[in-house]
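Geometric and topological summary
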Amino acid sequence: MNAKREWDASYDLVVAGSGTGLMGAITAARRGLRTLVIEKGAFLGGSTALSGGGMWMPGNRVLEDAGVVDTPERALSYLDTLVGDTAPRARREAYVANAAAVVDEMLAATPLELSHMEEYADYFADLLGGSAIGRSVEPEPFNVKSIGDDAPLLRTSDAISAPVPMPITSGDFRAMNLMGRRPLQAIPTMVKRVFQGVGGKLVRKDMAAGGRALAAALVAGARQAGVEIWLNSPIREVVLEQGKVTGIVVEKDGTRQRVAASAGVIIAVGGFDHNGELRRKYQSPALTEDWSFGNPDNTGDLFEIARQVGAGLALLDQAWWFPAIPSPEPGGAPIFMLSERSLPGSMIVDSTGHRFFNEASDYMSAGRAMLGLDDGKGDHLPMWLIFDQTYRNRYLFAASVLPRAPIPRVFYESGVVVKAGSIAELGDKIGVPGLVEGAARFNLLASQGKDDDFKRGLAQYDRYYGDPTQTPNPNLGPITAPPFYAVKTIPADLGTCGGITADENGRVMREDGTVIDGLYAVGNAAANAFGIFYPGPGATIGQGLVFAYLAALHAVARMHR
Ligand SMILES: Cc1cc2nc3c(=O)[nH]c(=O)nc-3n(C[C@H](O)[C@H](O)[C@H](O)COP(=O)(O)OP(=O)(O)OC[C@H]3O[C@@H](n4cnc5c(N)ncnc54)[C@H](O)[C@@H]3O)c2cc1C
């Protein structure tokens with residue numbers, strides 16, 4: 001029987017998932033492969049489109065242009081120290097060796113312009129090879145309307161959106177966050193971006209930064225390279241013939257079709273962000289609600305693919321944890337807590353009323369501490385962010401309520417925020433009598449400017465979201481000025497990062513370590529190349545893009561073999 005007759009359509013490469021997988025599609029199509037992207041949902045871009053768009057890309061051209069000295073060797077020594085044996089070394093070697101080439105490819109193949117995320121330090125910058133000035137890049141504001149009919153198809157959410165249309169880069173956010181402390185830096189930034197955003201609308205532009213800009217540019221690059229894209233088309237099966245992947249079965253608009261993929265198939269279907277059952281099974285019973293910021297269609301289809309082909313799975317207990325404030329609206333999405341926990345005059349306590357970690361640490365470490373994943377002592381829920389009126393007068397709350405402005409009533413009515421005239425009364429109201437003692441200890445540390453308990457403010461990254469006007473420690477200040485506030489805090493996440501085991505070319509590996517010819521897994525569908533760590537801003541999109549690129553190059557070579 002001629003198997004080819006059975007195909008409903010035929011391509012060289014099929015990429016399942018339209019997030020970072022688009023980079024693989026672009027790379028392959030630009031090298032002559034007939035390439036198809038199949039996307040489960042009705043929207044393009046996945047979590048990549050919802051993200052901040054930061055990319056951790058050691059030694060790339062944009063860094064060089066900005067005068068930053070960095071090399072793959074330095075980045076590798078950093079990763080070696082950090083990641084150790086929590087992930088195979090070959091993966092990080094491939095990552096640092098190719099990150100710069102991926103940036104070159106993106107700049108050549110898409111309308112994207114990138115800039116250095118200045119001072120956005122590696123999360124463990126103090127380790128050998130770590131970077132304090134930062135080795136990440138992000139999109140420059142981009143007119144999403146310029147991509148035409150695809151623009152309304154980009155996945156959107158309110159998780160990181162501004163009250164008025166304006167493109168906000170990471171540097172803008174940092175400046176605006178300190179508007180109460182450094183207005184001379186914040187206000188011109190704000191005016192410039194409002195002018196671009198609101199002003200742009202008047203001339204029919206839709207200026208975006210972050211992941212929206214990134215995804216728009218990747219979609220434009222894919223179209224330009226001749227990639228075909230099918231929406232509402234989840235991958236259902238991988239077709240294996242004589243040990244080789246020859247195609248897939250896709251459910252296109254409800255109809256199953258067999259599609260040949262002679263060069264290979266890249267699985268880029270994201271993680272299991274919104275699969276509560278699997279998350280409680282593999283990660284923590286404390287994850288009783290859907291707190292993930294990830295793309296809604298990321299429900300763990302990687303498991304079914306892995307089962308079909310006998311792929312190995314690893315790091316399933318891991319996620320890109322991200323502390324957050326629960327929504328005050330029933331069923332609403334959580335609210336980002338990015339800088340709130342790093343600023344002086346605040347602390348996070350559990351039901352003992354005491355702190356249990358460095359609140360200013362990177363968000364993955366913070367989430368691990370909150371869920372007690374490292375000490376085996378179990379989670380610290382319920383948790384509260386505690387601050388005073390001085391803090392409220394100085395900083396944004398929930399990334400949107402201006403300094404001094406009243407916190408909207410809905411937060412109090414829902415019990416997400418509790419306010420009291422004294423620490424003792426606040427402790428009573430939230431049922432945490434130990435808060436008096438916990439706050440006394442914190443205030444002692446704050447008065448000496450040195451956190452003897454958890455070293456808050458010591459690491460370079462801690463200080464990025466601190467308040468430089470606070471001395472001697474930009475992350476430490478006392479909680480003494482009434483009224484006092486307690487804000488419910490939850491271990492949300494940006495998505496999961498455990499999944500299919502893959503090698504340095506993104507090739508899917510069986511449990512015994514042998515590779516499955518023609519099958520690749522990248523992004524959050526694959527096990528984190530950095531083990532249980534998040535090395536620096538943009539390391540998740542970074543690894544999605546790098547391994548999608550490498551998988552595509554491998555498929556191109558396979559095709560010509
Ligand atoms: C608010 C937010 C901010 C973030 N900021 C950053 C940041 O600045 N830098 C950074 O590095 N990371 C950031 N992250 C994390 C990062 O966005 C993700 O880890 C990354 O984008 C994952 O890429 P991916 O390609 O694996 O998944 P996605 O981008 O989610 O793409 C997966 C796609 O596959 C589709 N899919 C699912 N199942 C199937 C199927 N069966 N068949 C076909 N398609 C399927 C999904 O619908 C989705 O479109 C952020 C995340 C969020 C939510």
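The structure displayed is predicted, hence computed values, not measured ones.

**Brief notes about the overall build of the protein chain**
Within the protein chain, the secondary structure is distributed over 17 helices and 21 strands. Summarising its shape, the C-alpha atoms of the protein chain cover approximately 80 × 55 × 45 Å along the three principal directions. Put simply, the protein chain has 561 residues, and 58% of those count as buried. A fraction of 76% describes how many contacts in the protein chain between residues 6 or more apart in sequence connect residues 24 or more apart.

**Remarks on the site of the ligand**
Taken together, 43 residues sit near the ligand, with Gly 17, Gly 19, Gly 46, Gly 52 and Gly 523 positioned nearest. At the level of secondary structure, the elements contributing two or more residues to the shell around the ligand comprise helix 2 (46–50), strand 18 (484–496) and helix 17 (539–559).

**Some details on the sheet that holds strand 5 (residues 136–139)**
Across the sheet, 3 strands lie side by side as 3-5-4; this open sheet has antiparallel pairing. Single-partner strands in this sheet number two, and they are strand 3 (55–56) and strand 4 (114–116).

**Some points on the nonpolar core**
Grouped together as the largest cluster of nonpolar side chains are 184 residues, with contacts concentrated most on Leu 13, Val 14, Ala 216, Ile 266, Ile 267 and Ile 500. In terms of residue count, helix 17 provides more of this core than any other element does, 12 residues in total. If we skip the residues at most four places from it in the chain, Val 14 touches Leu 36, Ile 38, Ile 248, Val 259, Ala 261 and Val 265.

**With respect to the packing of helix 14 (residues 423–430) against helix 15 (residues 435–448)**
Following both chains from N to C, one finds helix 14 and helix 15 inclined at 135°, their axes separated by 8 Å at the closest point. Relative to helix 15, helix 14 is oriented oblique. In this structure, helix 14 crosses over helix 15, and the sense of that crossing is right-handed. Contacts from Ile 423, Ala 424, Leu 426 and Gly 427 in helix 14 reach Leu 435, Val 436 and Ala 439 in helix 15. Along the lines of polarity and charge, the residues of the contact of helix 14 with helix 15 split into 6 nonpolar, 1 polar and no charged.

**Considerations on the domain arrangement of the protein chain**
As assigned here, the protein chain comprises domain 1 (7–165 + 206–318 + 497–561), domain 2 (170–204) and domain 3 (323–493). Relative to domain 3, the C-alpha centre of domain 2 lies at a distance of 26 Å. Contacts between the two partners involve 6 residues from domain 2, matched on the other side by 8 residues from domain 3.

**Notes on the environment of Gly 312**
The residue Gly 312 is located in the loop between helix 10 (301–309) and strand 12 (313–314) in this model. For the pair Gly 312 and Ala 526, spaced 214 residues apart in sequence, the C-alpha to C-alpha distance is 9.9 Å. In this structure Gly 312 touches Thr 501, Met 509, Arg 510 and Glu 511, once residues within four positions along its chain are discounted.

**Some points on the pairing of strand 9 (residues 235–241)**
Looking down a regular strand, the side chains alternate between one sheet face and the other. Here strand 9 runs beside strand 10 (residues 244–252); their pairing, made up of 6 bridges, is antiparallel. By the bridge assignment for strand 10, Glu 241 is matched with Lys 244. The loop that links strand 9 with its antiparallel partner strand 10 comprises 2 residues; one of these, Gln 242, has a positive phi angle of about 50°.

**What to know about the pairing of strand 5**
Pairing of strand 3 with strand 5, which is carried by 2 bridges, proceeds in the antiparallel orientation. Bridged to Trp 56 within strand 5 is Ser 136. Strand direction decides the pairing type here: strand 4 and strand 5, joined by 3 bridges, are antiparallel. Counterpart to Ser 115 in the pairing with strand 5 is Glu 138.

**Points about the environment of Gly 130**
By the element assignment, Gly 130 lies in the loop between strand 4 and strand 5. C-alpha separation for the pair Gly 130 and Leu 82, spaced 48 residues apart in sequence, amounts to 9.5 Å. Beyond its immediate sequence surroundings of up to four residues, Gly 130 is in contact with Tyr 78, Asp 122, Phe 124 and Ala 125.

**Observations regarding helix 14**
In an α-helix there are 3.6 residues to a turn, and that puts residues three or four apart on one side. All of the buried residues along helix 14 are Ile 423, Leu 426, Gly 427 and Ile 430. For helix 14, the angular spread of the buried residues around the axis is 100°, confining them to a single face. Two residues or fewer after helix 14 comes Gly 431, characterised by a positive phi angle close to 70°.

**Structural notes on helix 6 (residues 170–177)**
The buried fraction of helix 6 is high, at 6 of 8 residues. Of the residues making up helix 6, those classed as buried are Ser 170, Phe 173, Arg 174, Ala 175, Met 176 and Asn 177. On its buried side, helix 6 packs onto strand 5 and helix 7 (183–202).

**Some details on the packing of helix 5 (residues 89–109) against helix 17**
Running from amino to carboxyl end, helix 5 crosses helix 17 at an angle of 85°, the nearest separation of the two axes being 9 Å. Here helix 17 runs roughly perpendicular to helix 5, going by the angle between their axes. Here Ala 94, Tyr 95, Asn 98, Ala 99, Val 102 and Glu 105 of helix 5 lie close against helix 17, whose contacting residues are Gly 542, Gln 543, Leu 545, Val 546, Tyr 549 and Leu 550.

**A look at unusual backbone geometry**
Cis geometry is adopted by the peptide bond preceding Pro 472, which originates at Thr 471 and carries an omega value of 0°. The residue Pro 472 is located in the loop between helix 16 (460–464) and strand 18 in this model. In the segment running from Pro 482 into Pro 483, the intervening peptide bond is cis, with an omega of -5°. Take Pro 483: it is sitting in the loop between helix 16 and strand 18. The phi angle at Glu 119 is positive, at roughly 70°, despite the residue not being glycine.

**Digging into the environment of Ala 286**
Looking at the secondary structure, you find Ala 286 in the loop between helix 9 (276–282) and helix 10. When residues no more than four places from it in sequence are discounted, the contact partners of Ala 286 are Leu 371, Asp 379 and Leu 381.

About the cut-offs
- Residues numbered from 1 in each chain as written.
- Predicted model: local features only at pLDDT ≥ 70, side-chain atom pairs only at ≥ 80, totals over all residues.
- Helix = DSSP H or I, 4+ residues; strand = E, 2+ residues; numbered from the N terminus.
- Buried ≥ 20, exposed ≤ 12 C-beta atoms within 10 Å, placed from the backbone.
- Contact = placed C-beta atoms within 7 Å.
- Near = placed C-beta within 6 Å.
- Pairing = 2+ DSSP bridges.
- Core = buried A, V, L, I, M, F, W, Y, C linked by C-beta atoms within 7 Å.
- Axes fitted to C-alpha atoms, helices over the stretch in contact; angles between N-to-C directions.
- Parallel < 35°, antiparallel > 145°, perpendicular 65-115°, else oblique.
- Left-handed = near helix turned anticlockwise from the far one by under 90°.
- Nonpolar A, V, L, I, M, F, W, Y, C, P; charged D, E, K, R; others polar.
- Domains from an automatic or database assignment.
- Arc of directions from axis to C-beta.

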